[in-house]
Amino acid sequence: MNAKPELTLLLASPRGFCAGVDRAIQIVELALTKFGPPVYVRHEIVHNRYVVESLEAKGAVFVEELSEVPEGAKVIFSAHGVPKSVPAEAQSRELFYLDATCPLVSKVHVEAERHHNAGLQVLLIGHAGHPEVIGTMGQLPEGAVTLIETVADAEAIAPADPSKLAYITQTTLSVDDTSAIVATLRRRFPDIRGPHKEDICYATTNRQDAVKEIAPQSDALLVIGAPNSSNSMRLVEVAERVGCPYAALVQRAEDIDWDALRPVLKDGGTIGLTAGASAPEVLVEEVIEAFRTHYDVKVETALIRDEAVQFKLPRVLAE
Ligand code: 0CM
Ligand code: SF4
């Protein structure tokens with residue numbers, strides 16, 4: 001019997017769940033316990049199928065729009081935030097709702113409102129169509145927020161009054177891409193107001209920094225996460241940009257493309273492994289087990305930063 005090739009599995013730390021995801025999932029679980037099923041959730045509570053299916057099994061019902069929630073039902077808004085029209089509609093229909101918007105997303109909502117009330121035109125750096133971007137744009141009246149997706153957009157924008165501008169950002173962007181966009185805006189509009197750097201959250205920043213650390217030591221790097229998870233997709237890009245020969249997103253162990261990995265890992269080597277902020281640790285363990293069936297695995301952890309952030313639960317559930 002041939003011995004399996006040796007493989008070092010380099011685990012990024014921090015990886016996986018952030019405080020906002022942890023809180024959002026707890027809100028659904030506690031609501032199910034307190035009120036009993038069904039509890040409706042508007043949009044995937046966090047962008048992960050495994051999490052969504054686990055909550056469905058406990059009685060959560062996921063919908064995309066409030067119009068799908070029946071009269072008298074209880075509904076939770078996802079971690080990504082919602083336009084102001086959503087709680088307004090819930091109120092007018094007298095639905096009981098809980099808001100699982102991450103406090104770091106809510107902070108950006110407050111900034112948007114503050115700049116708008118100060119008479120500034122608000123530029124939002126983010127990706128069109130992402131639910132967080134829809135939610136943040138929806139904090140202000142239609143047309144009040146201008147979306148900037150690229151450096152080219154930042155170069156092209158022609159504001160009504162260049163001295164009355166402010167910017168805010170999506171929380172889960174690439175730190176490097178965003179800093180290039182912010183630099184462009186600051187060069188063109190020296191009076192622009194905004195955060196010290198951007199509004200990218202600690203979890204997004206730390207997971208990208210950890211990938212920057214482990215990718216150069218890895219022959220290949222896998223990110224556990226979903227294709228609609230912005231922060232997870234950015235981790236794959238970061239690995240590619242630092243020159244990792246192979247970087248891919250996998251939702252579960254079954255997605256691992258062993259044929260593509262074989263030539264990269266040859267007779268073993270090092271594979272980096274991380275997980276987006278919405279991917280549970282149980283899926284990391286599943287992927288490690290899958291590697292054990294093909295390789296003689298040695299697991300190492302690269303700890304680049306400690307995380308101790310925790311957010312409070314809504315009062316109605318904390319009691
Ligand atoms: O915003 P993103 O697509 O990265 O969402 P996610 O559910 O994958 O991660 C957590 C969050 C938020 C807000
Ligand atoms: Fe909040 Fe950041 Fe987690 Fe999103 S990724 S839920 S903004 S902590």
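Residues numbered from 1 in each chain as written. Chains lettered and ligands numbered in written order. Predicted model: local features only at pLDDT ≥ 70, side-chain atom pairs only at ≥ 80, totals over all residues. Heavy atoms only, no water.

A.B. asks: How would you summarise the layout of surface pockets if you had to cite specific residues and measurements?
C.D. replies: Computed from the structure, the largest pocket encloses a volume of approximately 190 Å³. Ranked by residue count, the leading element in the lining of the largest pocket is helix 1 (residues 19-35), at four residues. Of the residues belonging to the lining of the largest pocket, the class tally is eight nonpolar, two polar and three charged. (1 Å grid on protein atoms, 1.4 Å probe; cavity = no way out; pocket = protein on both sides within 12 Å on 5 of 7 lines; lining within 4 Å. Points joined across faces, edges and corners; volume = space filled by probe spheres on them. Helix = DSSP H or I, 4+ residues; strand = E, 2+ residues; numbered from the N terminus. Nonpolar A, V, L, I, M, F, W, Y, C, P; charged D, E, K, R; others polar.)

A.B. asks: Can you explain the sheet that holds strand 1 (residues 6-13)? Please cite residues and give values.
C.D. replies: The strand order across the open sheet formed by five strands is 10-9-11-1-12, and the pairing between neighbours is parallel. Only two strands of the sheet have a single partner each, and these edge strands are strand 10 (247-250) and strand 12 (296-303). When the angles between neighbouring strand axes are averaged without regard to direction, this sheet yields 25°. Here strand 9 (residues 220-224) runs beside strand 11 (residues 269-275); their pairing, made up of five bridges, is parallel. Its bridge partner being in strand 11, Ala220 is matched across the sheet by Ile271. Lying over the sheet, helix 9 (residues 230-241) contacts strand 9, strand 10 and strand 11, oriented at roughly 165° with respect to strand 10. Running over the sheet, helix 10 (residues 258-265) touches strand 1, strand 9 and strand 11 and is turned about 135° from strand 11. (Pairing = 2+ DSSP bridges. Axes fitted to C-alpha atoms, helices over the stretch in contact; angles between N-to-C directions. Contact = heavy atoms within 4.5 Å.)

A.B. asks: Account for the domain arrangement of the chain, naming residues and giving values.
C.D. replies: Once the domains are mapped, the chain shows domain 1 (6-17 + 202-303), domain 2 (19-102) and domain 3 (104-199). For domain 1 versus domain 3, the separation of C-alpha centres amounts to 31 Å. Taken residue by residue, the interface counts eleven residues in domain 1 and eleven residues in domain 3. Summing both partners gives a buried area of about 790 Å² for domain 1 against domain 3, and 44% of it is carried by carbon and sulfur. Run the count over domain 1 and domain 3 and you get two salt bridges. Measuring nitrogen to oxygen at the nearest pair gives 2.7 Å for the salt bridge that ties Asp177 to Arg241. Run the count over domain 1 and domain 3 and you get six residue pairs in polar contact (both at pLDDT 80 or more). Residue assignment for the side of domain 1 that touches domain 3 shows that the elements contributing at least two residues are helix 8 (202-214) and helix 9. (Domains from an automatic or database assignment. Buried area = accessible area lost by both parts, 1.4 Å probe. Salt bridge = Lys/Arg side-chain N within 4 Å of Asp/Glu carboxyl O. Polar contact = N/O pair within 3.5 Å; in protein donor to acceptor, adjacent residues only side chain to side chain.)

A.B. asks: I'd like to hear about the sheet that holds strand 5 (residues 96-99), residue by residue, with values.
C.D. replies: The strand order across the open sheet formed by four strands is 3-2-4-5, and the pairing between neighbours is parallel. Both edges of this open sheet fall to strand 3 (60-63) and strand 5, since each of them pairs with a single strand only. Strand-to-strand, the axes of this sheet are offset by a mean angle of 25°, without reference to chain direction. Both strand 2 (residues 39-42) and strand 4 (residues 74-77) contribute to a ladder of three bridges, which runs parallel. In the strand pairing of strand 4, Tyr40 is matched with Val75.

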